[in-house]
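Single-letter residue listing:
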Amino acid sequence: MIKLKTDRVILGDCIEAMNALPAKSVDLIFADPPYNLQLAQDLYRPEGSRVDAVNDDWDKFDTFATYDAFTRAWLKAAHRVLKDDGTIWTIGSYHNIFRVGTALQDLGFWVLNDIIWRKANPMPNFKGTRFTNAHETLIWCSKSEDARYHFNYTAMKALNEDLQMRSDWVLPICTGNERIKIDGIKAHPTQKPESLLYRVLLACTKPGDIVLDPFFGTGTTGAVAKLLGRHWIGIEREEKYARVAEKRIAELLPLSGGAMAVTASARAQPRVAFGALVENGMIRPGTELVDHARRFRARVQADGSLNMGETVGSIHQIGAAAQKAPACNGWTFWHVEQAGKLVPIDTMRAAYRQAAAL
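Quick caveat: nothing in here was measured; it's all calculated off a predicted structure. (Residues numbered from 1 in each chain as written. Predicted model: local features only at pLDDT ≥ 70, side-chain atom pairs only at ≥ 80, totals over all residues. Heavy atoms only, no water.)

**Description of the side chain of Gln 191**
For Gln 191, the location among the structural elements is in the loop between β8 (185-186) and α5 (194-204). Residue contacts for Gln 191: discarding those within four places in its chain leaves Cys 174, Glu 178, Arg 179, Ile 180, Thr 218, Thr 220 and Arg 248. (Helix = DSSP H or I, 4+ residues; strand = E, 2+ residues; numbered from the N terminus. Contact = heavy atoms within 4.5 Å.)

Take a look at the structure:
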């Protein structure tokens, strides 16, 4: 049996690279393929500045037929390397996702869900001639109709404060310190936020699983896989992106949570699950939470639940259990230590709202 070398970037064509990998060797594939945006000319803001849109050669195809042939070729290669109990996620915009969806079904993949990533802070439509494109679509598939795939239902529910995770995800786009730049310019035009990959990988993989990204870009998939204890393989044809990804993953830069602002009235604010702070990197798994008097301690798990001895539950459930009380507001009860001071996690929730423009 060929031993699969992981935790590396393969520089080259994704179809050739996948065909060179052993069959049925990866547990999950996350694919962010070219969107084929078909931009005929530059876009400009009302005041005259040019929009930094995707106009690279890797996103250009002569015809829809050419794009479809490319899509079917890489999906066929992906089907071969995916384990029988593995799953594949593809993401796209209205330009390409429906064509990708057709190809997925034609090649035997079985659609489990389509997920709407609703961007909390989308780029406006500067021309004012269409609705603002405020979402992208993800398609989640098993390898076949009768495949026994892996889904961490309980973890997803815990990440959403004991409510079933829905198929519409409100997450901010990649901005601020998370956005990788070279000399002040975006390293990649379509860098995905770590929070999106955090949710995907936590939903469908286990520690030690192998995650493949055939369109690696600046390596968000690899960074989150490393954070969560998964192995990863990235395939990238553009050397400049590959080098950025390697450096990024080696350093594993944490996400920025934005300014630590306090909101006057939490009741009037949109609901935020504690799991959102975990998947955005504001509170890392393994962090110890304490009450204001340091009498009680609990540890954060990867799905946003807390572990206090033998007891596991939400921030509210564990806060109530610690005090032997019928209920507890975990947001105000639990604190995290920063620079020698205790900071209520409610303060971090306010910072998340501000950063996400909720």
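So, next bit.
**Regarding the confidence of the model for the protein**
Looking at the protein as a whole, its pLDDT mean stands at 87, while 87% of the residues score no less than 70. Counting interchain partners and residues more than four positions distant, the pLDDT-below-50 stretch residues 253-266 has 31 contacts. (pLDDT = per-residue confidence, 0-100.)

**Thoughts on the packing of aromatic side chains**
One pass over the structure, following the stated rule, counts 12 aromatic pairs. Note on Trp 89 and Trp 140: the rings are 5.4 Å apart at their centroids and 20 degrees apart in plane angle, and the pair reads as stacked. Note that Trp 89 is positioned in strand β3 (residues 82-92) and Trp 140 in strand β5 (residues 135-142), a separation of 51 residues in sequence. Exposure class is identical for Trp 89 and Trp 140. Each is buried. (Phe/Tyr/Trp six-rings, centres within 6.5 Å; stacked < 30°, edge-to-face > 60°. Buried < 20%, exposed > 50% of the residue type's maximum accessible area, 1.4 Å probe, protein only.)

**Some words on unusual backbone geometry**
A positive phi angle is found at Arg 294, which is not glycine, with a value near 60 degrees. The topology assignment puts Arg 294 in the loop between β11 (288-290) and β12 (297-300). The exposure class assigned to Arg 294 is partly exposed, which follows from its relative accessible area of 35%. Non-glycine residue Lys 324 carries a positive phi angle of around 55 degrees. Here Lys 324 is to be found in the loop between α9 (315-323) and α10 (330-333).

**A short note on the nonpolar core**
Counting residues in each nonpolar core, the largest one holds 61 residues, and the members touching the most others are Trp 89, Leu 138, Phe 274, Leu 306 and Trp 334. Of all the elements, α5 adds the most residues to this core, at eight residues. Taken domain by domain, the makeup of this core includes at least three residues from each of domain 1 (8-251) and domain 2 (274-356). The contacts of Trp 89, once residues within four sequence positions are left out, are Leu 28, Ile 29, Phe 30, Ala 31, Ile 115, Leu 138, Ile 139, Trp 140, Trp 169, Val 200 and Cys 204. Counting 31 residues, the second-largest nonpolar core is a separate cluster that includes Ile 15, Trp 74, Leu 82 and Ile 139. (Core = buried A, V, L, I, M, F, W, Y, C linked by side-chain atoms within 4.5 Å. Domains from an automatic or database assignment.)

**Topic: the packing of helix α6 (residues 220-227) against helix α7 (residues 239-251)**
For the pair α6 and α7, interaxial distance at closest approach is 9 Å and the crossing angle is 20 degrees. Taken together, the axis directions place α6 and α7 in an arrangement best described as roughly parallel. Note on packing geometry: the crossing formed by α6 with α7 is right-handed. Where α6 abuts α7, its residues Thr 220, Gly 222, Ala 223 and Lys 226 lie against Arg 248, Ile 249 and Ala 250. Residues that form the contact of α6 with α7 fall into these classes: three nonpolar, two polar and two charged. (Axes fitted to C-alpha atoms, helices over the stretch in contact; angles between N-to-C directions. Parallel < 35°, antiparallel > 145°, perpendicular 65-115°, else oblique. Left-handed = near helix turned anticlockwise from the far one by under 90°. Nonpolar A, V, L, I, M, F, W, Y, C, P; charged D, E, K, R; others polar.)

**Quick look at the environment of Cys 141**
With respect to the helices, strands and loops of the structure, Cys 141 is situated in strand β5. Once the C-alpha coordinates of Cys 141 and Val 111 are considered, the two residues, 30 residues apart in sequence, prove to be 4.3 Å apart. Ignoring any residue separated from it by four or fewer positions in sequence, one finds Cys 141 in contact with Gly 86, Thr 87, Ile 88, Leu 104, Phe 109, Trp 110, Val 111 and Leu 112.

**Observations regarding the sheet that holds strand β10 (residues 231-236)**
Read across the sheet, eight strands follow the order β1-β10-β9-β2-β3-β5-β4-β6 without closing on themselves; strand pairing throughout is mixed. Two strands lie at the open edges of the sheet, namely β1 (8-11) and β6 (168-171), each paired on one side alone. In this sheet, neighbouring strand axes are inclined to one another by 20 degrees on average, regardless of whether the strands run parallel or antiparallel. The pairing of strand β2 (residues 26-31) with β3 spans five bridges and is classified as parallel. Paired with Val 26 across the bridge in β3 is Leu 82. Contacts from helix α2 (residues 64-81) reach β2, β3 and β9 (210-213), with the element oriented near 150 degrees to β3. Packing of α6 onto the sheet brings it into contact with β2, β9 and β10, and relative to β10 it is tilted by some 170 degrees. (Pairing = 2+ DSSP bridges.)

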